[in-house]
Amino acid sequence: MGKSRSLPESVSKADLKFEKKRQFYTKVKDTVAVLSAQKAIGKKKKLRSRQKKLKAYDLSSLSEFLPEVKTPQQPTSEADFNLNCKSRQKLILKEGKQLSTVLNHPAFQLDPLASIYQHLQSTQPVIDEKPKKKKNKNGGRKKKSKKSKASDGPQSMVL
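Procedures and definitions
- Residues numbered from 1 in each chain as written.
- Predicted model: local features only at pLDDT ≥ 70, side-chain atom pairs only at ≥ 80, totals over all residues.
- Heavy atoms only, no water.
- Helix = DSSP H or I, 4+ residues; strand = E, 2+ residues; numbered from the N terminus.
- Buried < 20%, exposed > 50% of the residue type's maximum accessible area, 1.4 Å probe, protein only.
- Areas by Shrake-Rupley, 256 points an atom, 1.4 Å probe, with all protein chains shown as cover.
- Contact = heavy atoms within 4.5 Å.
- Patch = residues over 30% accessible without salt bridge, like charges linked within 9 Å, V, L, I, M, F, W, Y side chains within 5 Å.
- Salt bridge = Lys/Arg side-chain N within 4 Å of Asp/Glu carboxyl O.
- 1 Å grid on protein atoms, 1.4 Å probe; cavity = no way out; pocket = protein on both sides within 12 Å on 5 of 7 lines; lining within 4 Å.
- Points joined across faces, edges and corners; volume = space filled by probe spheres on them.
- Nonpolar A, V, L, I, M, F, W, Y, C, P; charged D, E, K, R; others polar.

Visitor: Help me understand the overall build of the protein chain in this model?
Guide: The secondary structure content of the protein chain amounts to five helices and zero strands. Reading the protein chain from its N terminus to its C terminus gives the helix and strand order α-α-α-α-α. Within the protein chain, the fraction of its 159 residues that count as buried is 2%. Only carbon and sulfur atoms are counted for the fraction: they give 58% of the accessible area of the protein chain, which is about 17,700 Å².

Put into structure tokens, the structure is as follows:
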């Protein structure tokens, strides 16, 4: 059937199996090395294409042509943003005192809503609102009125 091979007497069957396994593992090791190299090359290409896309969306060059916007300066302390246990306790005490003084104020006791409204009017900035134009249901487009031919009256045909 198959080829009959004469084995040298110094090589045993166990040694042949071991040699065969060793050859198999070296082939697997080489294949894994090739595949990992191909994978690394593929990843580099993906990074390059991503970098090209990011360059397309880079708008930093436009910043020199845009006018500078002045941001309103609001006094902010970092203690408000970084609340630890001690600063939180101080804040609670401070706000508690403020609440008690507001509740004990005679104007607040007479008419609480009016005093809150007055406080907001004096502290909030005035916003000029322009009257908004009314939009139609179809997104602001005017509907064309179709003229029916029958309503135009009798028309004579000229030959």
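Visitor: What's the story with the side chain of S115 in this structure? I'm lost.
Guide: You can see S115 is positioned in helix α5 (residues 112-123). A relative accessible area of 17% places S115 in the buried class. Apart from residues lying up to four places away in sequence, S115 is in contact with A107 and F108.

Visitor: Even after reading the chapter, I still don't get a nonpolar patch on the surface, so can you show me in this structure?
Guide: A surface patch of nonpolar side chains, amounting to about 410 Å² of accessible area, comprises F24, Y25, V28 and V32. Note on placement: V28 falls in helix α1 (residues 13-56). For V28, a relative accessible area of 35% corresponds to the partly exposed category.

Visitor: Whenever I open this one, the layout of surface pockets confuses me. Can you help?
Guide: A water-sized probe, rolled over the atoms, reveals where empty space remains. The computed volume of the largest pocket comes to approximately 200 Å³. V102, H105, F108, S115, I116, Q118, H119 and S122 together form the lining of the largest pocket. Element by element, the count of residues in the lining of the largest pocket is highest for α5, at five residues. Across the lining of the largest pocket, the residue classes break down as three nonpolar, five polar and no charged.

The values are spatial; any link to function lies outside them.
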